[in-house]
Amino acid sequence: MPQIVPPPDQQQPENPGVQIVRWLRPAGCVLVLLLSALMLVFCFTQGRDPIPGYEPPHDDAYYAQHLPELAEELNAHVLPEVDETASAAADGSTVTITMEARRLANTRAAVLRYYDVSLFVFEPIETTTEN
């Protein structure tokens, strides 16, 4: 007599997303959505100030007319806090800031956090290391 073999299971395997939702239930889904939104807000908002508590004494319109004063302000209060090797000098219609090439991005970002880009020229200087 032949043996009766049951038909193969016709049920398809569950999608992993369906399993996760079943485990978490609606309250868990809301929690995951809130945590995801919080992470996005936390990751993409502005970071802390490069110089805590610093506020420029004048606005960009004033400094556009008084570039030597802007260079003095940078040399006295901004650049020593950000990059002790950088220096600023007024020359004609802009202020030229010179700094080590490896620190260009950080110094530039810190200065432009407080002042308009049209006031500056950033010049990296190459440093040689002696062995």
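Residues numbered from 1 in each chain as written. Predicted model: local features only at pLDDT ≥ 70, side-chain atom pairs only at ≥ 80, totals over all residues. Heavy atoms only, no water.

**A closer look at the side chain of Thr 107**
Tracing the sequence through the fold places Thr 107 in helix α4 (residues 104-114). The exposure class assigned to Thr 107 is buried, which follows from its relative accessible area of 1%. Beyond its immediate chain neighbours, meaning those up to four positions away, Thr 107 contacts Leu 79, Val 82, Asp 83 and Met 99. (Helix = DSSP H or I, 4+ residues; strand = E, 2+ residues; numbered from the N terminus. Buried < 20%, exposed > 50% of the residue type's maximum accessible area, 1.4 Å probe, protein only. Contact = heavy atoms within 4.5 Å.)

**Looking at the packing of aromatic side chains**
In this description, a pair of aromatic rings is defined by centroid distance and the angle of the planes. Summed over the entire model, instances satisfying the criterion amount to five aromatic pairs. With a centroid separation of 5.6 Å and 70° between ring planes, the pair formed by Tyr 62 and Tyr 63 is classed as edge-to-face. The exposure class of Tyr 62 is partly exposed, given its relative accessible area of 26%. Grouping aromatic residues by their ring pairs yields a cluster made of Tyr 62, Tyr 63, Tyr 115, Phe 120 and Phe 122. (Phe/Tyr/Trp six-rings, centres within 6.5 Å; stacked < 30°, edge-to-face > 60°.)

**Things to note about the sheet that holds strand β2 (residues 94-100)**
In spatial order, the strands read β1-β2-β3; together these three strands make up an open sheet with mixed pairing. The open sheet has two edge strands with one neighbour each: β1 (87-91) and β3 (120-125). Strand after strand, the sheet turns through a mean of 25° between neighbouring axes, direction not considered. Strand direction decides the pairing type here: β2 and β3, joined by six bridges, are parallel. The partner of Thr 98 across the bridge, within β3, is Glu 123. With respect to the sheet, helix α3 (residues 67-82) is in contact with β1, β2 and β3, its orientation differing from that of β1 by roughly 175°. In this fold α4 packs onto β2 and β3, with an angle of close to 160° to the strand it touches most, β3. (Pairing = 2+ DSSP bridges. Axes fitted to C-alpha atoms, helices over the stretch in contact; angles between N-to-C directions.)

**A look at the pattern of salt bridges**
Summed over the entire model, instances satisfying the criterion amount to four salt bridges. Here Arg 103 ties to Asp 83 by a salt bridge, and the two come within 2.7 Å at their closest N and O atoms. In this pair, Arg 103 sits in the loop between β2 and α4 while Asp 83 sits in the loop between α3 and β1, placing the two residues 20 residues apart along the sequence. For Arg 103, a relative accessible area of 22% translates into the label partly exposed. Residue Arg 103 pairs with Glu 100 through a salt bridge whose shortest N-O separation is 4.0 Å. On the basis of relative accessibility, which here comes to 13%, the residue Glu 100 falls in the buried class. It is possible to trace a salt-bridge network through shared partners that takes in Asp 83, Glu 84, Glu 100, Arg 102 and Arg 103. (Salt bridge = Lys/Arg side-chain N within 4 Å of Asp/Glu carboxyl O.)

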